[in-house]
Amino acid sequence: MNKKYVIGIIGVGYVGLPLALSFAKKVKVIAYDENNEKINYLTKGLDKNKIFSKNEVLSSKVYFTNKSQHLKDCNVYIVCVPTPVNKNNLPNLVYLKKASKLVGRYINKKDLVVYESTVYPGCTEEFCIPLIEKRSNLSLNKDFYCGYSPERINPGDKKNKLTNIIKIVSATSKKGLVIVYNIYKKIIKADLHKAKNIKIAEAAKILENIQRSVNISLINEASLIFRKLKINTHDVLEA
């Protein structure tokens, strides 16, 4: 694959924006989002999530756009769209579907697509990749590569940022994994963990979210008890 990367970030929210700003220090980055208001804010240097300052956004070399045709010259596509659940707690894959079809429209031979969105194990290979193949008439591993690297952004955490948190990388082939590893190595100062396959990486992200949810729930329940006992929860945690 051509080592002169042009990275297209699809979805410029709390996951996509840090990636775009970090990669832009090393390579050309085109950050696409269909939300016109969000792109208008970012072109003025305004991060609605208030993670980055106006100067950090404006001084970057990221090209923010709401026009998908600007992605046609990219050779790496990183999908960072939201994956909410519906009222029945089933995954809503509408954003993922649109993003995959979008990649399929512009992807060329030897290009790479990486998914960062949180998904159930098997989703990338069973749902996303077939959409790309159908739209592009290209074949996975033969014509293009695919990887999965789950986001590990912790909004509001000023200490543990994208570049100093261990990043999981995975791919559908050994050659693809080498490319994914080399790309993320450009911005990640911490270690990169190579998962044996994409399903393992997807499952690791799910388990990580479960652990976080359990920990938050546990502390919330303990806090209710401490309050009745007139004990400060923060003092307990500090101890």
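Within each chain, residue numbers correspond to sequence positions counted from 1 in written order. Local features in this predicted model are restricted to residues whose pLDDT is 70 or higher, and side-chain atom pairs enter the listing and the counts only when it is 80 or higher, whereas totals over whole chains, interfaces and linings include all residues. Excluded from the side-chain calculations are hydrogens and water; all other atoms, namely the structure's heavy atoms, are used.

Participant: What is the right way to look at unusual backbone geometry in this model?
Facilitator: Phi is mostly negative for residues that are not glycine, and the peptide bonds are mostly trans. Here the phi dihedral of Lys50 falls at roughly 55°; this positive angle occurs in a residue that is not glycine. By the criteria applied, helices consist of DSSP H or I runs no shorter than four residues and strands consist of E runs no shorter than two, each listed in order from the N terminus. Looking at where Lys50 falls in the secondary structure, it is placed in the loop between helix 2 (36–43) and helix 3 (54–58). Of note in the backbone geometry, Lys230 takes a positive phi value of approximately 60° without being a glycine. By the secondary structure assignment, Lys230 is in the loop between helix 7 (198–228) and helix 8 (233–238).

Participant: Explain helix 7 here, please?
Facilitator: Each full turn of the α-helix corresponds to 3.6 residues, which orients residues three or four apart in the same direction. If you check helix 7, its first and last C-alpha atoms are 46 Å apart, about what 31 residues at 1.5 Å a residue would give, namely 45 Å. Accessibility here uses a 1.4 Å probe with only protein chains present; expressed as a share of the type maximum, an area under 20% marks a residue as buried, one over 50% as exposed, and anything in between as partly exposed. The complete set of buried residues in helix 7 reads Ile198, Ala201, Glu202, Lys205, Glu208 and Ser223. Residues of helix 7 that are buried in the fold lie against helix 5 (123–136), strand 6 (145–148), strand 7 (167–171) and helix 8. In this structure Asn197 caps helix 7, since a side-chain oxygen of it lies 3.2 Å from the backbone nitrogen of Lys199. Backbone geometry just after helix 7 places Lys230 at a positive phi near 60°. The span you would expect from a helix comes to 1.5 Å times its residue count less one. Any two residues whose heavy atoms approach within 4.5 Å are treated as being in contact. Identification of polar contacts relies on pairs of N or O atoms within 3.5 Å, with a donor-acceptor requirement for protein atoms, meaning one able to donate a hydrogen and the other able to accept it, and with residues adjacent in sequence counted only if both atoms are side-chain atoms.

Participant: What's the story with the packing of helix 5 against helix 7 in this structure? I'm lost.
Facilitator: In this analysis an axis means a line fitted to C-alpha atoms, helices contributing only their contacting stretch, and an angle means the value between N-to-C directions, from 0 to 180 degrees. Contact pair helix 5 / helix 7: the axes reach a minimum separation of 9 Å and the direction vectors enclose 110°. Between helix 5 and helix 7, the interaxial angle falls into the category roughly perpendicular. Residue-level inspection shows Cys123, Thr124, Glu125 and Glu126 of helix 5 in contact with helix 7, the latter providing Ile198, Lys199 and Glu202. In terms of residue class, the contact of helix 5 with helix 7 is made up of two nonpolar, one polar and four charged. Note that the term roughly parallel is reserved for angles under 35 degrees, roughly antiparallel for angles over 145, roughly perpendicular for angles of 65 to 115, and oblique for everything else. Ten residue types, Ala, Val, Leu, Ile, Met, Phe, Trp, Tyr, Cys and Pro, are classed as nonpolar, four, Asp, Glu, Lys and Arg, as charged, and the remainder, Gly among them, as polar.

Participant: How do you make sense of the pattern of salt bridges when you look at a structure like this?
Facilitator: Side-chain pairs of opposite charge can arise whenever the charged atoms involved come near each other. Salt bridge, as used here, is a side-chain nitrogen of Lys or Arg placed within 4 Å of a carboxyl oxygen of Asp or Glu. Per the stated rule, a full pass over the model turns up ten salt bridges. With a shortest N-O distance of 3.6 Å, Lys48 and Glu37 are connected by a salt bridge. Of this pair, Lys48 sits in the loop between helix 2 and helix 3 while Glu37 sits in helix 2, placing them eleven residues apart in sequence. Judged by relative accessible area, Glu37 falls into the partly exposed class, the value being 42%.

Participant: Before we go on, may I ask you to explain the pairing of strand 2 (residues 28–32) in this structure?
Facilitator: As a general feature of sheets, a regular strand has side chains that alternate between the two faces. For strand 2, the tally of buried residues reaches four of five residues, placing the bulk of the element in the interior. Any two strands between which DSSP finds at least two bridges are classified as paired. The pairing of strand 1 (residues 6–10) with strand 2 spans five bridges and is classified as parallel. Considered in strand 2, the bridge of Ile9 is made with Ala31. In terms of handedness, the path from strand 1 via helix 1 (residues 16–23) over to strand 2 forms a crossover that is right-handed. The handedness of a crossover follows from its direction of travel: if, with the strands pointing away from the viewer, the path from the first strand over the helix to the second runs clockwise, the crossover is right-handed.

Participant: Can you walk me through the pairing of strand 7 in this structure?
Facilitator: Burial analysis of strand 7 places five of its five residues in the buried class, which makes it a mostly covered element. Where strand 6 and strand 7 come together, two bridges link them in antiparallel fashion. From the neighbouring strand, Tyr148 faces strand 7, where its bridge partner is Ser170. Relative to strand 8 (residues 192–194), strand 7 runs parallel, the two sharing three bridges.

Participant: When you look at the nonpolar core in this model, what are you seeing that I'm missing?
Facilitator: Grouped burial of nonpolar side chains is what soluble globular proteins tend to show. Within the largest apolar cluster, 39 residues are counted, with the highest numbers of intra-cluster contacts made by Ile7, Leu19, Phe23, Ile78 and Tyr184. Listed by contribution, the elements that provide at least two residues to this core are strand 1, helix 1, strand 2, helix 2, strand 4 (76–79), strand 5 (112–115), strand 7 and helix 6 (174–185). In this structure Phe23 touches Ile7, Val29, Ile78, Ile183, Tyr184 and Ile187, once residues within four positions along its chain are discounted. To form a nonpolar core, buried Ala, Val, Leu, Ile, Met, Phe, Trp, Tyr and Cys residues must be joined to one another through side-chain atoms within 4.5 Å.

Participant: Would you take a moment to explain the sheet that holds strand 3 (residues 63–65) for this structure?
Facilitator: The pairing of strands in a sheet comes from backbone hydrogen bonds and takes either a parallel or an antiparallel form. The sheet built from eight strands is open, its strands ordered 3-2-1-4-5-6-7-8 with mixed pairing. Across the chains shown, the open sheet's two edge strands, defined by having one partner strand only, are strand 3 and strand 8. Geometrically, the sheet is characterised by an average inter-axis angle of 25° between neighbouring strands, direction not taken into account. Pairing of strand 4 with strand 5 involves four bridges; the strand directions are parallel. Within the sheet, the bridge partner assigned to Tyr77 lies in strand 5 and is Val113. Helix 7 rests against strand 6 and strand 7 of the sheet, and its axis sits at about 25° to strand 6.

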